[in-house]
Amino acid sequence: MYKGVDTISNKVMDRRFEYRYPGSEKTVDDHPMYRLLNGPKANALESGPAIRKRIAGQLLLSERGVFVEAPLTRGGEVKRLELLPPGRTKSIPTRDEKMIDRFEVTDYTGNVRAVPVEHVRWIRNPHPLDPYASSIPITAAGLSVEMDDLGRLVNVSWMSNDGQTRAIIAVKGDMNTTDSARLERRFGSGPVDAGKVSVVTADGLSYIDLSAHPRDMQYEHLAKNAKVETLAALGVPESQLGNAADRTYANAEAEGYMFWSITMASILRLIASAFYDPEDEDLEPAFNTEDVPELQLPQRARRLEAREEVAAGLRSIKSYAELAGIKVVSTPETEALWLPQGKTPLDQSAGAAKRVQLPTAPAEEQAPPPEEGGTTDPDQPHQQGSGQGQAVSKPDASMKPTSPGKPAPPSAPREGKPPAEPQSKRLAPYTIRPVRGGHRHPVDVWQVKAEPAPGWSHVDVDDAAQDQAQSLVSAALAALATRWVERTVARLQSPKTRKGTRHWEPDPAMPADTRAGAKALNAEQAVDPQTWQREAEMAVAPLLGAAATAAAGGMAVALTGQAPVADPGDTGGVLAAGAVVAATGALVSTVSAAVGVAAGNAAAQLATRIAAGDAEGKALDELVATVRGWNVAAWARRLAAVAAPAAVEAGRYAAGRLLAKAGWEVVATWRTQSDERVRSTHAAADGQTRQPGETFAVGDAELRFPRDPLGPAQEVIGCRCRSRWSARRVSLRPVAA
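Residues numbered from 1 in each chain as written. Predicted model: local features only at pLDDT ≥ 70, side-chain atom pairs only at ≥ 80, totals over all residues. Heavy atoms only, no water.

**Q** An account of the pattern of salt bridges is requested, with residue identities and associated values reported.
**A** Evaluated as defined, the whole model comprises 24 salt bridges. Ionic pairing is found between Asp 6 and Lys 53, a salt bridge with its closest N-O pair at 3.2 Å. Taken together, the residues span a long stretch of sequence, with Asp 6 in helix H1 (residues 2-14) and Lys 53 in helix H3 (residues 48-61) at a distance of 47 residues. Across the pair Glu 46 and Arg 54 runs a salt bridge, and its minimum N-O distance is 2.7 Å. (Salt bridge = Lys/Arg side-chain N within 4 Å of Asp/Glu carboxyl O. Helix = DSSP H or I, 4+ residues; strand = E, 2+ residues; numbered from the N terminus.)

Here you go:
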């Protein structure tokens, strides 16, 4: 049993894991899963081959299957692979279509850790009755293994202790106890005296041998049957274990072919299918078995048959070379049929060669020359709805076309001039909701003097921290967008996308390649806006959350002199760190969702441009150039310039509300840049002061803070305003109107 499991595990360890697109011979070697399963570091302790061997071993021995934890990075890539202990890992079922809610792992200290479903690759041999269990060979061969074990124990016990009577000596006449004991000692017991012959004198005695041989023969058959049944359950012939005795070379070779084509093929396919890429379903995961000698038996048999056909004059030399993968110069001699000498040969002239040639496929149509001109950024928003609270366009210069190699010039709308309503409503990078109701406080209800009042402390936005957060978000979005571009290019070039379109290249070896057609490219499937939206939101959520939490903590230190602590009651602090994280997370989630919507809009725009180019008759290379012409760095900078400041303001707003609950009097003052670019509605809001929870009156909108993601786009996009927070312990009194 051990050697069979170890043999299968070693075979899996020796096979290289790879990704390929259907119909392509090129391996995708820049995939993170490819690097982990084949490289020297799958995790801190194991290499890729070592973890492949452990996966195969657990698949054969664990009734729960194999649990491979594959945590994701902020960019959505797998960063390491670790095997969870199957005996301490269990799946928590759910009644909806997901089947599994989560996985729970118990560590060595007894603590239970929950692992999300998307972070676990569960590999198991499907059980016919229980979908949460795995069929293993030890269950089928367990009785055979146990019988062999018991048979060995019986024989060891008999040889060690001589627990069964071997013979009876009958002495004629009476014998006292002393003489019988002496006689019994002469014959002895145990393995040392087994088979010993003793000679004694007596008037007469009889020897009755009770050591029957059938029991020994039964054990021999039992051990042999147990070995055969155990290896049959594993599907491993004995020749694969290193023992090819009593077998001819042909029989051992046939056993190897059956082992690889029946046992190993299903195991490799089962393991490989667990590592499919949900973000690129066209990629086919598999183990490379091209150099396995046993699997080349059918090819060798076909080549041998083809050589016999060449010798019999039934096949040309060129056709045999194509079958064997040998390059041969196409000449009339290699394309003609030959007969052995002594028989009437066939015509070997050039005309005969033409008669045996296969018809060739028509030449592929020449692609039209690429059009001159640049490409536009795909982040131009779409039209969606109208009216207050609906999505409107982003009044940014990024909507202008950008030539290849020239980034879009950075530009922001002048706040002195409200942006004009575009001809088509487009979805802005915010999830816009209707303006919230509630009482609008007059500007003069709360007033703050120009000079700080006694006891008041003030804090403004930390520009350095905000710039750092903006740089991190921009870098993350740029890296993610670069991956989107290359993924889109790979999907456009994949056979699955090109099949049935004019971009399919006919196979010259086929008389009529029917895979070419006239249908349009499925541009939206190649781009996948929903995946872009989800990945963008996942990538920026931790960065925006950290920026908001840091801004909230910095504001608490500046206003109160104390940073958030774990437990304010025990340490005498003001704010609890957990409360700050929870409050900022609830606010920043809307900002992260807005970034996801912007990424989805960019994907939709790119898909529209691909579809339009395909309808215009552009070649595939031109469509690929269109995709790669997107200035991802400029797009990432523009989006980060909106999202990062909004997250910082959201974190400060959350800290203000928490300080108010902690007994501090806190107010926020709307501040503009006080230059000619300030739009009229924002200039009118300059100096408004509100308590946490109250909204600023900005034009017709009610905003909680500058760049509020819940506000209308015309008051949020391009906003450069800041909030200044003030706090004191003395109660703030309202000024009479």
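There is more to say, and it comes next.
**Q** Now, about empty space enclosed by the protein: what can you tell me, with residues and values included?
**A** One pass over the full model with this rule turns up two cavities of 30 Å³ or more. In this model, the second largest cavity occupies a volume close to 40 Å³. Around the second largest cavity, the lining residues are Tyr 653, Ala 668, Arg 690, Gln 691, Pro 692, Gly 693, Glu 694, Phe 696, Arg 704, Phe 705, Ser 723 and Trp 725. Considering only residue class, the lining of the second largest cavity consists of six nonpolar, three polar and three charged. (1 Å grid on protein atoms, 1.4 Å probe; cavity = no way out; pocket = protein on both sides within 12 Å on 5 of 7 lines; lining within 4 Å. Points joined across faces, edges and corners; volume = space filled by probe spheres on them. Nonpolar A, V, L, I, M, F, W, Y, C, P; charged D, E, K, R; others polar.)

**Q** Give a detailed account of the nonpolar core, specifying residues and quantitative values.
**A** Core analysis: the biggest nonpolar cluster contains 43 residues, and Leu 477, Trp 484, Trp 532, Leu 544, Val 595, Trp 630 and Trp 635 have the highest contact counts within it. Elements represented by at least two residues in this core include exactly helix H12 (463-493), helix H14 (523-527), helix H15 (529-560), helix H17 (577-615), helix H18 (620-628) and helix H19 (632-661). Top element by residues in this core is H17. It accounts for ten residues. Excluding anything up to four places from it in sequence, Val 595 contacts Leu 477, Ala 536, Val 540, Leu 544, Leu 639 and Ala 643. (Core = buried A, V, L, I, M, F, W, Y, C linked by side-chain atoms within 4.5 Å. Buried < 20%, exposed > 50% of the residue type's maximum accessible area, 1.4 Å probe, protein only. Contact = heavy atoms within 4.5 Å.)

**Q** Describe the state of the cysteines, listing the residues and the values that go with them.
**A** Inspection of every chain in the model, using the stated rule, returns zero disulfides. Lacking any disulfide linkage, Cys 719 is separated from the closest cysteine sulfur, that of Cys 721, by 3.9 Å. For Cys 719, a relative accessible area of 5% corresponds to the buried category. On the basis of relative accessible area, Cys 721 is assigned to the buried category, the value being 0%. (Disulfide = S-S within 2.5 Å.)

**Q** Mind laying out the packing of H1 against H3, listing which residues take part and the relevant values?
**A** Interaxial distance between H1 and H3 falls to 8 Å at its minimum, and their mutual angle equals 145°. In the packing of H1 onto H3, the handedness of the crossing is right-handed. Contacts between H1 and H3 pair Val 5, Asp 6, Ile 8, Ser 9, Asn 10, Val 12, Met 13 and Asp 14 from the former with Pro 49, Arg 52, Lys 53, Ala 56, Gly 57, Leu 60 and Leu 61 from the latter. Taken together, the residues of the contact of H1 with H3 break down into eight nonpolar, three polar and four charged. (Axes fitted to C-alpha atoms, helices over the stretch in contact; angles between N-to-C directions. Left-handed = near helix turned anticlockwise from the far one by under 90°.)

**Q** Which residues make up the sheet that holds strand S13 (residues 689-690), and what are the values?
**A** As a general point, the strands of a sheet are linked pairwise by backbone hydrogen bonds and lie either parallel or antiparallel. Here we have four strands laid out as an open sheet, ordered S11-S16-S12-S13, and antiparallel in their pairing. Edge positions in the open sheet fall to strand S11 (457-459) and S13, since each of these has one partner strand only. Pairing of strand S12 (residues 665-671) with strand S16 (residues 722-728), which is carried by seven bridges, proceeds in the antiparallel orientation. Bridged to Glu 665 within S16 is Arg 728. Against the sheet, H15 makes contact with S11 and S16, and its axis sits at roughly 155° relative to S11, the strand it touches most. (Pairing = 2+ DSSP bridges.)

Shape descriptors only; they carry no functional weight alone.
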